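Residue-level listing of the chains:
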Amino acid sequence: MAKRFSALLQFALVLALGYAIQMAMDAGMINRYYAHVMTVMAIFVVGAVSLNLINGICGQFSLGHAGFMAVGAYTAAIITKNPDLILPAIFTGNVRFILATLLGGMTAAFVGFLVGLPSLRLRGDYLAIVTLGFGEIIRILLLNWDFVGGASGYFGLVRHTNFFAAFLLSIITITIIRNFIQSSHGRACVSIREDEIAAETMGVPTTRYKVIAFVIASFFAGTAGSMMAHLTQMVTPASFTFILSIELLLMVVLGGLGSITGSIGAAIFLTYAAEALRAFRAYRMILYSLLLILIMLFRPKGLLGTQELSYGLLKESFKSLRTRWQRKKNDDITAAAE
Amino acid sequence: MLKVENLQVYYDAIHAIKGVSLEVSQGEIVTLIGANGAGKTTILRTISGLEKAREGKIEYLGRDIASQQAHDIVKIGISQVPEGRRVFTNMSVTENLELGAYLSKDRKAKADSLKRVFEHFPRLYERRTQIAGTLSGGEQQMLAMGRALMSKPKLMMLDEPSMGLAPILVRQIFSIIKEIHKEGTTILLIEQNANMALSIADRGYVLETGKIVMQGSVQELLASEEIKNAYLGGEAAHS
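Only a predicted model underlies this, so the values are computations on that prediction, with no experimental measurement involved.

Draft legend 1. Representation of the overall build of chain B. When its secondary structure is counted, chain B shows ten helices and ten strands. Computed over the C-alpha atoms, the radius of gyration of chain B is 18 Å, within 12% of the 18 Å expected from 2.2 N^0.38 for a compact globule of 239 residues. If one aligns the C-alpha atoms of chain B with their principal axes, the spans along those axes are about 50 × 45 × 30 Å. Counting every position in chain B, which comprises 239 residues, the buried fraction comes to 53%. Working note: accessible area of chain B is about 10,500 Å², and carbon and sulfur atoms make up 48% of it. Taking the 29 positively charged and 28 negatively charged side chains of chain B as two groups, their mean positions are separated by 6 Å.

Written out as structure tokens, the structure is:
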């Protein structure tokens, strides 16, 4: 009971913090450019954490996250732009936006189910190729669909997304995915990553779990897509190329496959880096590739590995640092004495 | 308890198992011996549902299980200690064991199983928080066996538990297999180490390139000249 209460309290505190930041933005204390960047960060946190569920926790290599974001973004955009399409006209304004985001997520989840069911029987590189192909198929379809503007994109959306909305979504995503990972279902997913055959012999229905994880991740990717669409007020197929998938993958790999806090940190850092290096935009892909190579060489498990950044971990590393320092000091003393 | 009839397994064009029939009765230790590539592991993987037979029957407690999925086969009480142990290397010993009882939703039963496994393997209890990948080969073998025990199997199939272990550890592992058997678990043991396997088994089958070439009680197998020469290292090993 006390545990549940403290979790709720934490949740409330975090939300209050997000809301306070939003108020500071509204009051003009944070300039609009930074407000925008922070909102994008929150959206990328959703994308990276959800991709981590597939790539990091289940150990399946998906490159199709941009595709799911596109499905969510276009679905939600169609709903908010057409006042009586799909949802009845009584839902307007922000309520319509929230429902549209949910529906965008659900559509992405459904598509994820359709794609995942046959392709998750594949392993490693094959799955990467299939999901990469899927992302491109979605993009080409949208490119040729005149109802949503084809190549020029779908314009004139209302700017429903603000920082707090994106922040709230990221907190919900983190909470749900964290709880999933810590449940016995999550344990089953990790066992698939560790050794699929052993997992199967333990009675873990591996394909089912891979599909479940894929569907959950697709759902959140879809909602992130909707947030993005209603932040930039337009959607174009060009925003959902495989480069977006690669960016998300980079966040997951940089932060550590399997580490949620790692994904969060990497999403924030890389979004910031992309802004700070705007002048070198043309070289971005070179930088990304370099970064990936460097991580693989020096930190193959990512910055955090599978660990989570927590108070306990900080305390422990501090302790080990201190003992090491003390040992060094003792060595120095004995060396001096000799 | 387990009855395999005329099993035919193919890997694409390769005919790996050519009509194998074998039987394991309740309460027995049955061993399947043979050289590398004879098809021992394939038979075991087919029984546990990881490979599909092209032809043949696999009957367990009177039910045909040849078409069942691997995770459903665990559910009905057959568990497997896979070749090469295959522990979850990045998880702790306890987490590995808990996954073994993955199918059980009953917390108390899980705790009981865990206690029982720790009784069989005090070493695992000492190392319960250690990451499985850092265990020694023998400890990993114990962990793989403990994990398979967690689902309280009626039939436990072990694939080369002696692989890569020092003789003293092999003897220890085999005495634990006997203990597990005494508590009422039927055992199907696959081994290259025929000496060890025959020392604890009731009956044995000898497999050569996908076919059973000999079967019988341990006494019969031990008495056979062919077996002695091919698998037991001739007269020298007969001590």
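Draft legend 2. Focus on the overall build of chain A. Looking only at helices and strands, one finds 13 helices and zero strands in chain A. Relative to its length of 338 residues, chain A is compact, with a C-alpha radius of gyration of 22 Å against a globular reference of 20 Å. Looking at chain A as a whole, 49% of its 338 residues are labelled buried. A fraction of 80% describes how many contacts in chain A between residues 6 or more apart in sequence connect residues 24 or more apart. Just so you have it, chain A exposes about 17,100 Å², and 69% of that area is on carbon and sulfur atoms.

Draft legend 3. Local environment of unusual backbone geometry. Residue and element names in this part refer to chain B. Despite not being glycine, D12 has its phi angle at roughly 50 degrees, a positive value. Mapped onto the elements, D12 comes out in the loop between β1 (2–11) and β2 (14–24). Here the phi dihedral of E160 falls at roughly 50 degrees; this positive angle occurs in a residue that is not glycine. Note on placement: E160 falls in the loop between β7 (155–159) and α7 (167–182). E160 gets classed as buried once you look at its relative accessible area, which sits at 6%.

Draft legend 4. Inspection of the packing of aromatic side chains at higher detail. For the structure on display, the rule yields nine aromatic pairs over all chains. When the centroid spacing of 5.2 Å and the interplanar angle of 75 degrees are considered together, the rings of F118 of chain B and Y125 of chain B count as edge-to-face. With a relative accessible area of 13%, F118 of chain B lands in the buried category. On the basis of relative accessibility, which here comes to 42%, the residue Y125 of chain B falls in the partly exposed class. Each residue in the set F68, F134 and F214 of chain A is aromatic and connected to the rest through ring pairs, giving one cluster. Above the face of the Y154 of chain A ring, K81 of chain A is positioned so that its terminal group lies 4.7 Å from the ring centre.

Draft legend 5. The nonpolar core, seen in detail. Counting 88 residues, the largest nonpolar core has F44, V204, V235, F240 and M251 of chain A as its most contacted members. Discounting chain neighbours no more than four positions away, the residues touching F240 of chain A are A66, M69, A70, A73, Y74, R139 and V235 of chain A. Ranked by size, the runner-up nonpolar core spans 45 residues in total, among them L97, F121, L143 and I176 of chain B.

Draft legend 6. Region of interest: the interface of chain B and chain A. On the chain A side, the residues contacting the 18 residues of chain B number 19 residues. Looking only at chain B, the three residues that lose the most surface to chain A are H71, F88 and Y102 of chain B, adding up to 31% of its buried area. In this structure, the connection of chain B to chain A is made through three salt bridges. At the surface where chain B touches chain A, the tally comes to five residue pairs in polar contact (both at pLDDT 80 or more).

Draft legend 7. Representation of the domain arrangement of chain A within the structure. For chain A, the assigned domains read domain 1 (7–307) and domain 2 (313–338). Taking only C-alpha atoms into account, the centre of domain 1 of chain A sits 43 Å from that of domain 2 of chain A.

Draft legend 8. Geometry of the sheet that holds strand β8 (residues 186–191) of chain B. Residue and element names in this part refer to chain B. Here we have six strands laid out as an open sheet, ordered β6-β7-β8-β3-β9-β10, and mixed in their pairing. Of all the strands in the sheet, the pair left with one neighbour each is β6 (78–81) and β10 (211–217). Averaged over all adjacent pairs, the angle separating strand axes in this sheet is 15 degrees, with direction ignored. Sheet analysis places strand β3 (residues 29–34) next to strand β9 (residues 203–208), joined by five bridges and oriented parallel. Bridged to G34 within β9 is L207. Sitting on the sheet, helix α6 (residues 137–149) is in contact with β6 and β7, with an inclination near 170 degrees to β6.

Draft legend 9. View of the packing of helix α7 (residues 184–194) of chain A against helix α9 (residues 206–232) of chain A. All names here are of chain A. In the contact formed by α7 and α9, the axes pass within 10 Å of each other and the chain directions differ by 110 degrees. Between α7 and α9, the angle is such that the two are roughly perpendicular. Across the interface between the two elements, H185, A188, C189 and I192 from α7 touch T206, Y209, K210 and A213 from α9. Counted by class, the contact of α7 with α9 contains five nonpolar, two polar and one charged residues.

Draft legend 10. Looking closely at the sheet that holds strand β4 (residues 55–60) of chain B. Residue and element names in this part refer to chain B. Read across the sheet, four strands follow the order β2-β1-β4-β5 without closing on themselves; strand pairing throughout is antiparallel. At either margin of the open sheet sits one strand with a lone partner, and together these are β2 and β5 (63–64). Bridge count for β1 against β2 is eight bridges, and the pairing is antiparallel. Residue pairing in the sheet places Y10 in a bridge with H15 of β2. Lying on the sheet, helix α1 (residues 40–47) is in contact with β1, β2 and β4; it crosses β1 at an angle near 115 degrees.

Draft legend 11. Here's a closer look at the environment of L114 of chain B. All names here are of chain B. For L114, the position within the fold is in helix α4 (residues 107–120). Taking the C-alpha atoms as reference points, L114 and Q130, 16 residues apart in sequence, are found 16 Å from one another. Beyond its immediate stretch of four places on either side in the chain, L114 contacts T94, L97 and M150.

Draft legend 12. Layout of the confidence of the model for chain A. Summarising the model, chain A shows a mean pLDDT of 90, and 99% of its residues fall at 70 or more. Confidence, read as mean pLDDT per element, is least for helix α13 (residues 311–337) of chain A in chain A (75) and greatest for helix α3 (residues 65–81) of chain A (96).

Rules used throughout
Residues numbered from 1 in each chain as written. Chains lettered and ligands numbered in written order. Predicted model: local features only at pLDDT ≥ 70, side-chain atom pairs only at ≥ 80, totals over all residues. Heavy atoms only, no water. Helix = DSSP H or I, 4+ residues; strand = E, 2+ residues; numbered from the N terminus. Rg over C-alpha atoms; globule rule 2.2 N^0.38 Å. Buried < 20%, exposed > 50% of the residue type's maximum accessible area, 1.4 Å probe, protein only. Areas by Shrake-Rupley, 256 points an atom, 1.4 Å probe, with all protein chains shown as cover. Lys, Arg positive; Asp, Glu negative; His and termini not counted. Charge placed at Lys NZ, Arg CZ, Asp CG, Glu CD. Contact = heavy atoms within 4.5 Å. Phe/Tyr/Trp six-rings, centres within 6.5 Å; stacked < 30°, edge-to-face > 60°. Lys NZ or Arg CZ within 6 Å of the ring centre and 35° of its normal. Core = buried A, V, L, I, M, F, W, Y, C linked by side-chain atoms within 4.5 Å. Buried area = accessible area lost by both parts, 1.4 Å probe. Salt bridge = Lys/Arg side-chain N within 4 Å of Asp/Glu carboxyl O. Polar contact = N/O pair within 3.5 Å; in protein donor to acceptor, adjacent residues only side chain to side chain. Domains from an automatic or database assignment. Pairing = 2+ DSSP bridges. Axes fitted to C-alpha atoms, helices over the stretch in contact; angles between N-to-C directions. Parallel < 35°, antiparallel > 145°, perpendicular 65-115°, else oblique. Nonpolar A, V, L, I, M, F, W, Y, C, P; charged D, E, K, R; others polar. pLDDT = per-residue confidence, 0-100.

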